[in-house]
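For reference, the chains in residue letters:
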Amino acid sequence: MGVLCPPQTRSLHDAFSGSWTFTAGLQLGYRRLRLRADIGYSQPKLNRENIMGIPNQSITGTYASHLASSIAQGCAIVDTKRFTVSPYFGCTWSAFQWNLGNYEEIDDEMKLTSVETRSIHDWNWYAAIDFDIKFYTTVSQSTFFLTGHHEQYTSSIRISPYVSHVSFDTPVPALSGYQVGITVAYSGLARSLRIR
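The structure presented is a predicted model; accordingly, all values stated were derived computationally and were not measured.

S.K.: Is there a simple way to explain the overall build of the chain in this structure?
M.R.: Broken down by element type, the chain carries one helix and ten strands. Its helices and strands in sequence order give the chain the pattern β-α-β-β-β-β-β-β-β-β-β, from N to C terminus. Taken across its 196 residues, the chain has 40% of its residues classed as buried. For the chain, contacts bridging at least 24 residues in sequence account for 63% of all contacts bridging at least 6. Carbon and sulfur atoms form 60% of the exposed surface of the chain, whose accessible area is close to 11500 Å².

What follows is the structure, given as structure tokens:
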């Protein structure tokens, strides 16, 4: 788990600002191959009053909710006792949700008549590089009951610069751009060892 602060680029920044994000994920590995899945949640600030371009509608809050999930395949190109470097490439699902109000002209004044929730979402590509700085490794004294093998446990600090592309067609005008960020996380890995 960790935190990141992805800034938005291009037209995406016109609607949403960058924000701190809480992330959590899992990783599976076989030799140098890696498969990981992450999920993150944040509350970016809304930068535009009428994102969908519908007349007589406007946002009713300051922040939106942002949920993102990714799955990526990677490979450890450097794997030493103290350091590992693993590039990844995969896909990401990104969704923004916010509240907006419907206004009507009543007695020569625009008054709020109802509030609804609006959301947009997109599947797109994702790329990252994990830099794992290992600071603790130990081997279990007894075998794991499921595999019958000893386990090697490694704790590390993971620094992951990443970039993902998003594109939303329903807003007017359409939104597209890149989310660029750095994740700083604690990583705990368990590896099965064939020790007799």
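S.K.: How should the packing of aromatic side chains be read in this particular structure?
M.R.: Working definition: an aromatic ring pair is given by the centre-to-centre distance plus the angle between the planes. Counted according to the given criterion, the structure contains seven aromatic pairs. Relative to F168, the ring of F96 lies with its centre 5.8 Å away and its plane at 80°, an arrangement referred to as edge-to-face. Of this pair, F96 sits in strand β7 (residues 83–106) while F168 is found in strand β9 (residues 150–168), placing the two residues 72 residues apart along the sequence. Of the two residues examined, F96 and F168, each falls in the buried class. The structure contains a cluster of three or more aromatic residues connected by ring pairs, namely F16, F96, W98 and F168. Between the NZ or CZ atom of R36 and the centre of the ring of Y88, over which it lies, the distance is 4.6 Å.

S.K.: Quick question: what am I supposed to make of the environment of F96 here?
M.R.: A relative accessible area of 1% means that F96 is categorised as buried. Through-space distance from the C-alpha of F96 to that of P44 is 9.0 Å; in sequence the pair is 52 residues apart.

S.K.: For this particular structure, what's the right way to read the environment of Q179?
M.R.: Checked against the element boundaries, Q179 lands in strand β10 (residues 175–193). Sequence separation between Q179 and H13 is 166 residues; the distance between their C-alpha atoms is 9.6 Å.

S.K.: Teacher, can you tell me more about the pairing of strand β3 (residues 33–42) here?
M.R.: Working note: regular strand, side chains alternate between the two faces of the sheet. Direction of pairing for strand β2 (residues 21–30) relative to β3: antiparallel, over a ladder of ten bridges. Residue pairing in the sheet places T23 in a bridge with G40 of β3. Between the end of β2 and the start of β3, which pair antiparallel, lie two residues, with R31 showing a positive phi angle near 55°. Judged from the ten bridges that link them, β3 and strand β5 (residues 65–75) form a sheet pairing that is antiparallel. Counterpart to L33 in the pairing with β5 is C75.

S.K.: Honestly, a nonpolar patch on the surface in this entry has me stumped. Any pointers?
M.R.: Judged by side-chain polarity, I77, V78, F83, I133, F135, Y136, I157, I159, I182, V184 and Y186 come together as a nonpolar surface patch covering roughly 980 Å² of accessible area. Those elements that place two or more of their residues in the nonpolar patch are β8 (109–139), β9 and β10. As for its position among the elements, I157 is in strand β9.

S.K.: What's the story with the side chain of S94 in this structure? I'm lost.
M.R.: Here S94 lies in strand β7. Owing to a relative accessible area of 1%, S94 belongs among the buried residues under this scheme. In terms of polar contacts, S94 uses its side chain to reach the side chain of H66, at 2.8 Å. Ignoring anything within four residues of it in the chain, the contact list for S94 reads H66, L67, A68, I120, H121, D122, V166, F168 and Q179.

S.K.: Would you explain unusual backbone geometry in this entry?
M.R.: Among all residues except glycine, the phi angle is most often negative; among peptide bonds, the trans geometry is most common. For the bond from V172 to P173, the omega torsion is -5°, close enough to zero to count as cis. Secondary-structure assignment places P173 in the loop between β9 and β10. Its identity as a non-glycine residue notwithstanding, R31 has a phi of 55°, on the positive side. By the element assignment, R31 lies in the loop between β2 and β3. Overall, R31 belongs to the exposed group, its relative accessible area being 69%. One non-glycine residue, N56, lies in the positive phi region at around 65°. Look at N56 and you get partly exposed, because its relative accessible area is 47%.

Scoring rules and cut-offs
- Residues numbered from 1 in each chain as written.
- Predicted model: local features only at pLDDT ≥ 70, side-chain atom pairs only at ≥ 80, totals over all residues.
- Heavy atoms only, no water.
- Helix = DSSP H or I, 4+ residues; strand = E, 2+ residues; numbered from the N terminus.
- Buried < 20%, exposed > 50% of the residue type's maximum accessible area, 1.4 Å probe, protein only.
- Contact = heavy atoms within 4.5 Å.
- Areas by Shrake-Rupley, 256 points an atom, 1.4 Å probe, with all protein chains shown as cover.
- Phe/Tyr/Trp six-rings, centres within 6.5 Å; stacked < 30°, edge-to-face > 60°.
- Lys NZ or Arg CZ within 6 Å of the ring centre and 35° of its normal.
- Pairing = 2+ DSSP bridges.
- Patch = residues over 30% accessible without salt bridge, like charges linked within 9 Å, V, L, I, M, F, W, Y side chains within 5 Å.
- Salt bridge = Lys/Arg side-chain N within 4 Å of Asp/Glu carboxyl O.
- Polar contact = N/O pair within 3.5 Å; in protein donor to acceptor, adjacent residues only side chain to side chain.

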